[in-house]
Structures are given as C-alpha cells and as structure tokens.
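Here is how the chains run, residue by residue.
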Amino acid sequence: MNKFKSISSLSVLLLSSITLFAQQSNYKFKFGSGKVPAGYVLVNEKSAFTPEKGYGFEPGTPVNVALGGGKDLIKQSTITAGQPFYFSVNVPEGNYKVTLTLGDAKVKTATTVKAEARRLMLENITTKSGEFVTKTFIVNVRNPEISTGAMVKLNDRELNSRSWDKKLTLEFNGAKPSVAALEITKVDDQVTVYLAGNSTVVDQRAEPWASWGQMIPRFFEPGVAFANYAESGLTLASFKGQKRLEKILTLIKPGDYLFIEFGHNDQKMKGENDGAWKSYTDNFKYYIAEAKKKGGIPVVVTSTSRRRFDENGKTINTLGDFPAAAKKVAADEKVELIDLNAMTAVLYDVLGVEPSKKAFVFYPANTYPGQDKELADNTHFNPYGAYELAKCVALGIQQSNLGLKKFLIPGFSFNPSKPDAVADFDVPPSLDMDLVKPAGN
C-alpha cells in the first residue's frame, strides 16, 4: 500500500513540475556540462526532447560537449555538432524573445540560427577562439486553436510542420555551430506582422523550397515579430475559408500589421463572380476592412512574378490583371502598397534567362538523395531566391510610410537591379527535405 502511495505521490510531483514548466514565461538553459548558474537548467549531450520533460534536442543529429575553462559558468562549456541540430521547448502561443550566447573557449565558430520551420533569424555569426557573443531575436509561436472555439484547418503537409507543433524549435546550423546558453522570455510588447499569402510567402518546411516570409525576420531587429499564416495553394477565399484570417483577427492588436499577398491561385478560379476585378478585389477589401476594425495596419503586396521571359529576355506578366487590381485596391482603400511584382520582374531581368534559374527550384536529377528526375519550377523559390525576395519586401517597407521600417537592421540596403551574387549566398541547408512540389503554381 505504501509502495502505491509513493508511486502516486511521485506521479503527482512529476505532473506538477511539467505543468509548472509549461506555464513559465521565462526559460534559461546552460548548454554543456559542469556547474550551472542559478536559475538555469543544464542541457547536455544526452538531453533528448520528451513531451514529459518539455525541452531537449530533437532526434537526428548527435551533439557533443566542448569544454572550455575560466570562472564564467556560462562559457565553461558549449554544445556543438558536425551537422545541424535542433533544440525545442514547449511554450504557449505568443511572441518570445530569444537570447543566445554563441562561441567557444578554444576554437573559431560560425553559427546560423533558424526557428520553427526554417525561419532565418541569425546568419553566419562568427566568433574567434575564446570569443563569445550574445544575440537576440523574436520568434512567434502559434497553434491552430482559435479563441472562438474554432480551429484553423491545416493542410496535410502542415501536420508535420514545426510551425504548428506547439513547441519553439531552434535550428543551429553552419560551419561550426556552438551554443553556450539560451534564454527564452515571453513578450507582449512586440509589434506583430501577420502574413497572409500562398506558397511564395509560407514558411516552407523543407529544402529545397523557400519563401520570402521565412527569410524576412533576418532583416529586422527585436521589436517586431513575424507571424506567418500563409500556406501553399491558397487564395484569398480559401485562406479565409480555412479560418486563418479569423485566427489572425482574434490576435491582431492596434498597431500590428497584416501583409496580404495573393494572386497566383486566385487567377485560376473561373466562377461567374471570380476574376481580378470581382471576387479578388472584393475579398481584398474585406481583409483590409476587418484588419482596420481591429486597429491593424493592412499592407497590400502584389504577387511575385513567375519566371517567364519573352524573346528579348524580359520578364512576361503571367498574372493578367491581378497585380493591377491589387494596386487599385491599395489606392482605393488608402493603404500602403509593396509592389513585389514589379521588383521581382526587375530582379529576374537583371539575373538573366538562365542565371535566374538559380533563384528557383531548378536542380538536375540526383542533386538530392532519391531525386531521380529534374526539378524545374518557375514559380517556387529556393533559399537564395527567397532571400532576395525578402530583401525586396524589406526595401518596400523601407521606402514606405510604415512605422515598421524603424525596426530594420542598421545599414539595410538593397536594389533589385543589383542583386546579391549567388556565389556569395551562404545560408546552409536544413536537414528537412521534400522533393514534392508545393501546392499552387
């Protein structure tokens, strides 16, 4: 009897500690081994994630402890690996300030950090031997539950995405990733930018696909969070039908933003009331009106150009009247416009007919394991292309009257007619890979 009472007491204690951890608003982790500073939890090479514990390394890559020295407990050891590795923490929905201590006491390091489904947060942070740096960024964590009692309808590909798994996941990547400490704090004072869109905006969960929505956090400082509700294959109508807009409208607060980019899939709708000047325009105006009711700031983003050239090597408009309709909506409703359609046309023209393939998912057979056929996609971007598009959107923000531009990283500058060289792009690929083309075209 006493044995069962002991087991029951232990179970209650364990459940209580799990509940307490899940309800925290601040989490501190020391990576490596040895003594732990007050208030920190030690994470070593054996700290695998379990739902019961609520934090730890995801399976896939073994990690190692690197020992240092000195009196600073944070810098006495780090966690590193020869491949990308992932660390997750169970947290409630919301915005989180993430503070990382990166470096190593004995060797040079180079760390790129992505969050959730491959959102680029830090790019190639290097340290000298014995040097440590502290970096901070904001991550939005979401779940499909809506406060009204409804649920966001997730597509099959989203069911396995880190964007919806109720954890905050960080990917440590790069030539020599090395992390000494991590602090995660829930914050309610951030401006949130909600993204509504399709496959050119969504956080693509796997290589070699990517979109501007998952690259744009790289170009903003803390103070702003990006909440990307876009999904491949959606239209203005289906985004609303899947209750993604409803979810956003229950969360958006005065001073937050709603960026809206649709067109590729809306273009294919052939009903009596469909078309650029009918349902597309009407739905766009509905989004804008509903965001304004909540005190939000709607922003119209014209659709990215597809990669198609005429005989003179100039980009052809394949989107019909949809870019013009989006621009008219912005003018009629007196909201800011980011003409991504025009900027991407300039970008492709400058890159050229063949070189522009380097911005899209064009890869010969056998580039990736199990890829027995060529990948050739004129709509969906690879990481380099998505990075350049994110810079286009950031430029549009910089040139606008939006208060959001004050959060751009210092010294940000970009010109679509002078894109970054492909050879200079060095964001390392993630481990997740999927050769199936995203929905939409």
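Residues numbered from 1 in each chain as written. Predicted model: local features only at pLDDT ≥ 70, side-chain atom pairs only at ≥ 80, totals over all residues. Heavy atoms only, no water.

## Thoughts on the sheet that holds strand 15 (residues 257-261)
Point 1. Spatial ordering of the open sheet is given by 14-13-15-16-17, a layout of five strands whose pairing is parallel. Because the sheet does not close on itself, it has two edges, and the strands there are strand 14 (224-228) and strand 17 (336-338). Adjacent strand axes in the sheet meet at a mean angle of 25°, parallel and antiparallel pairs treated alike.
Point 2. Pairing of strand 13 (residues 191-197) with strand 15, which is carried by five bridges, proceeds in the parallel orientation. Pairing of Ala 196 across the sheet is with Ile 260, part of strand 15. (Pairing = 2+ DSSP bridges. Helix = DSSP H or I, 4+ residues; strand = E, 2+ residues; numbered from the N terminus. Axes fitted to C-alpha atoms, helices over the stretch in contact; angles between N-to-C directions.)

## Observations concerning the environment of Ala 196
Point 1. Mapped onto the secondary structure, Ala 196 falls in strand 13.
Point 2. Since its relative accessible area comes to 1%, Ala 196 is described here as buried.
Point 3. Excluding residues that lie within four positions of it along the chain, Ala 196 makes contacts with Ala 230, Phe 239, Leu 258, Phe 259, Ile 260, Glu 261, Phe 262 and Tyr 287. (Buried < 20%, exposed > 50% of the residue type's maximum accessible area, 1.4 Å probe, protein only. Contact = heavy atoms within 4.5 Å.)

## A look at helix 7 (residues 340-351)
Two residues of an α-helix separated by three or four positions point the same way, owing to the 3.6 residues in each turn.
Point 1. Given a rise of 1.5 Å per residue, 12 residues ought to cover 16 Å, and the 16 Å separating the end C-alpha atoms of helix 7 matches this to within 8%.
Point 2. Where helix 7 is concerned, the buried positions are Leu 340, Asn 341, Met 343, Thr 344, Ala 345, Leu 347, Tyr 348 and Leu 351.
Point 3. Gly 352, located one to two residues past helix 7, shows a positive phi value of around 100°. (Expected span 1.5 Å × (residues − 1).)

## Some details on the sheet that holds strand 11 (residues 167-176)
Point 1. Strand order in the open sheet formed by five strands is 3-6-11-8-9, and the pairing between neighbours is antiparallel. Unpaired on one side and paired on the other, strand 3 (55-57) and strand 9 (119-127) mark the two borders of the sheet. Direction aside, the axes of adjacent strands within the sheet are offset by 15° on average.
Point 2. Pairing analysis gives three bridges linking strand 3 to strand 6 (residues 85-90), with the strands arranged antiparallel. Note that in strand 6 the partner of Tyr 55 across the bridge is Val 89.

## A few points about the nonpolar core
Point 1. Ranked by size, the top nonpolar core spans 47 residues in total, and within it Trp 212, Phe 220, Phe 259 and Leu 404 carry the most contacts.
Point 2. When contributions to this core are tallied by element, the ones reaching two or more residues are strand 13, helix 2 (212-215), strand 14, strand 15, strand 16 (297-301), helix 7, strand 18 (360-363) and helix 8 (383-398).
Point 3. A per-element tally of this core places helix 8 first, with 10 residues.
Point 4. The residues touching Phe 220, leaving out its near neighbours within four places in the chain, are Phe 226, Ile 397, Leu 404, Phe 407, Leu 408 and Ile 409. (Core = buried A, V, L, I, M, F, W, Y, C linked by side-chain atoms within 4.5 Å.)

## Here we look at the confidence of the model for the protein chain
Note that predicted coordinates carrying low pLDDT should not be read in detail.
Point 1. Chain-level pLDDT for the protein chain is 94 on average; 95% of the residues reach the 70-or-more range.
Point 2. Within the model, pLDDT remains below 50 along residues 1-20, and this stretch shows one contact once partners closer than five positions in the same chain are excluded. (pLDDT = per-residue confidence, 0-100.)

## Notes on helix 4 (residues 244-251)
Point 1. Every buried residue of helix 4 is accounted for by Arg 244, Leu 245, Lys 247, Ile 248 and Leu 249.
Point 2. The secondary structure elements touched by the buried residues of helix 4 are strand 13, helix 3 (236-241), strand 15 and helix 5 (279-293).

## Observations regarding the packing of aromatic side chains
Point 1. All told, the structure shown has 23 aromatic pairs when counted by the stated rule.
Point 2. Between the aromatic rings of Phe 85 and Phe 172, the centroid separation amounts to 5.2 Å while the plane-to-plane angle is 25°, which identifies the pairing as stacked. Pair noted here: Phe 85 is in strand 6 and Phe 172 is in strand 11, with a separation of 87 residues, a long-range link. In this structure, Phe 85 and Phe 172 share a single accessibility class: buried.
Point 3. Following the ring pairs from residue to residue traces out a cluster consisting of Phe 29, Phe 31, Tyr 55, Phe 57, Phe 85, Phe 87 and Phe 172.
Point 4. When the ring centre of Tyr 55 is taken as origin, the NZ or CZ atom of Lys 53, which lies over that ring, is 5.1 Å away.
Point 5. Directly above the aromatic system of Trp 164 lies the positively charged group of Arg 142, at a separation of 4.2 Å from the ring centroid. (Phe/Tyr/Trp six-rings, centres within 6.5 Å; stacked < 30°, edge-to-face > 60°. Lys NZ or Arg CZ within 6 Å of the ring centre and 35° of its normal.)

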